[in-house]
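Observations on the model geometry
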Amino acid sequence: LAILGNHDFYFGARRIEAGYARSRTVRLLRGERWESDALCGLSIWGIDDPMTQLAASARYPSLARWAGSELDPRRYNLLLSHRPDAFRVAPGLGFDLQLSGHTHGGQIVVAPWGKKLHIASVLGRWDRGSFEERSSRLYVSRGLGFAGVPFRRDCPTEITLHELRRVRAAA
């Protein structure tokens, strides 16, 4: 499953969407929920990048309306959102897990005075790694790409593997 991020829109979302439409192995979710009988109880929701200004917090009114009418709290609801700031609303809507990217993990990390600084930490509190709020979790991947300068410092690329396991109810 895939979603579109801001760079996809810069380079042509329609063209990228057409490429995914030809794929037999990857499905693009654009404001869609995916479920499978093979993964009973799991709902994966995918939303497009909201394309707001870099320093502005995005709003997610369509996600709130959509989840408010269709989210089933008896299922495990996983949100794919390119921008981690959707986590401002996701826990309150009932999402169990959100997977995001967008920040490149800071890309260039410096540590004056022993404190690690990078641009992503200035733009928001969900810069990279794991976060938890209420009973909801967020993981922000550093990813493989870069923004602007094709360079990383003290911020290696990453591909993450998340293994979801069914928890058996206590007897």
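Above this text you will find the structure in question.
Residues numbered from 1 in each chain as written. Predicted model: local features only at pLDDT ≥ 70, side-chain atom pairs only at ≥ 80, totals over all residues. Heavy atoms only, no water.

Section: the overall build of the protein chain
Of regular secondary structure, the protein chain possesses five helices and six strands. In sequence order, the protein chain lays out its α and β elements as α-α-β-β-α-β-α-β-α-β-β. Each principal axis of the C-alpha distribution contributes one length, and for the protein chain these read about 50 × 45 × 30 Å. In the protein chain, once contacts between residues fewer than 6 apart in sequence are set aside, the share between residues at least 24 apart is 53%. Of the roughly 10,900 Å² that the protein chain leaves accessible, carbon and sulfur atoms contribute 54%. (Helix = DSSP H or I, 4+ residues; strand = E, 2+ residues; numbered from the N terminus. Contact = heavy atoms within 4.5 Å. Areas by Shrake-Rupley, 256 points an atom, 1.4 Å probe, with all protein chains shown as cover.)

Comments concerning the pairing of strand E3 (residues 76-81)
For E3, the buried fraction is high: five of the six residues fall into the buried class. Looking at chain direction, strand E2 (residues 42-47) and E3 are connected through six bridges and run parallel. Among the inter-strand pairings, Leu 42 is bridged to a residue of E3, identified as Tyr 76. Pairing of E3 with strand E4 (residues 97-100), which is carried by three bridges, proceeds in the parallel orientation. Paired with Leu 79 across the two strands is Gln 98, which belongs to E4. (Buried < 20%, exposed > 50% of the residue type's maximum accessible area, 1.4 Å probe, protein only. Pairing = 2+ DSSP bridges.)

Concerning the pattern of salt bridges
Here the structure, examined in full by the defined rule, presents twelve salt bridges. Between Glu 17 and Arg 30 there is a salt bridge; the shortest N-O distance is 3.0 Å. Of this pair, Glu 17 sits in helix H2 (residues 13-22) while Arg 30 sits in the loop between H2 and strand E1 (32-34), and the two are 13 residues apart along the sequence. The partly exposed category is assigned to Arg 30, whose relative accessible area is 28%. One salt bridge in this structure joins Asp 72 and Arg 74, with 3.0 Å as the shortest N-O distance. Because the salt bridges share partners, they merge into one network encompassing Arg 33, Glu 35, Glu 70 and Arg 75. (Salt bridge = Lys/Arg side-chain N within 4 Å of Asp/Glu carboxyl O.)

A word on the packing of aromatic side chains
According to the stated counting rule, one finds three aromatic pairs in the structure shown. Judged by centre distance (5.7 Å) and plane angle (90 degrees), the rings of Phe 87 and Trp 126 are edge-to-face. Of the two residues, Phe 87 sits in the loop between E3 and helix H4 (90-93) while Trp 126 sits in the loop between helix H5 (119-123) and strand E5 (129-133), which places them 39 residues apart along the sequence. Taking relative accessible area as the criterion, Trp 126 reaches 10% and is therefore assigned buried. What links up through ring pairs into an aromatic cluster is the set Trp 45, Trp 66 and Phe 95. (Phe/Tyr/Trp six-rings, centres within 6.5 Å; stacked < 30°, edge-to-face > 60°.)

A closer look at helix H3 (residues 61-70)
Here H3 has its buried residues at Leu 63, Trp 66 and Ala 67. Buried residues of H3, seen end-on, are gathered within an arc of 95 degrees and therefore sit on one face of the element. Away from its buried face, by an angle of more than 90 degrees, H3 presents the exposed residues Arg 65, Gly 68 and Ser 69. Tucked inside the fold, the buried residues of H3 contact E1, E2, E3 and H4. (Arc of directions from axis to C-beta.)

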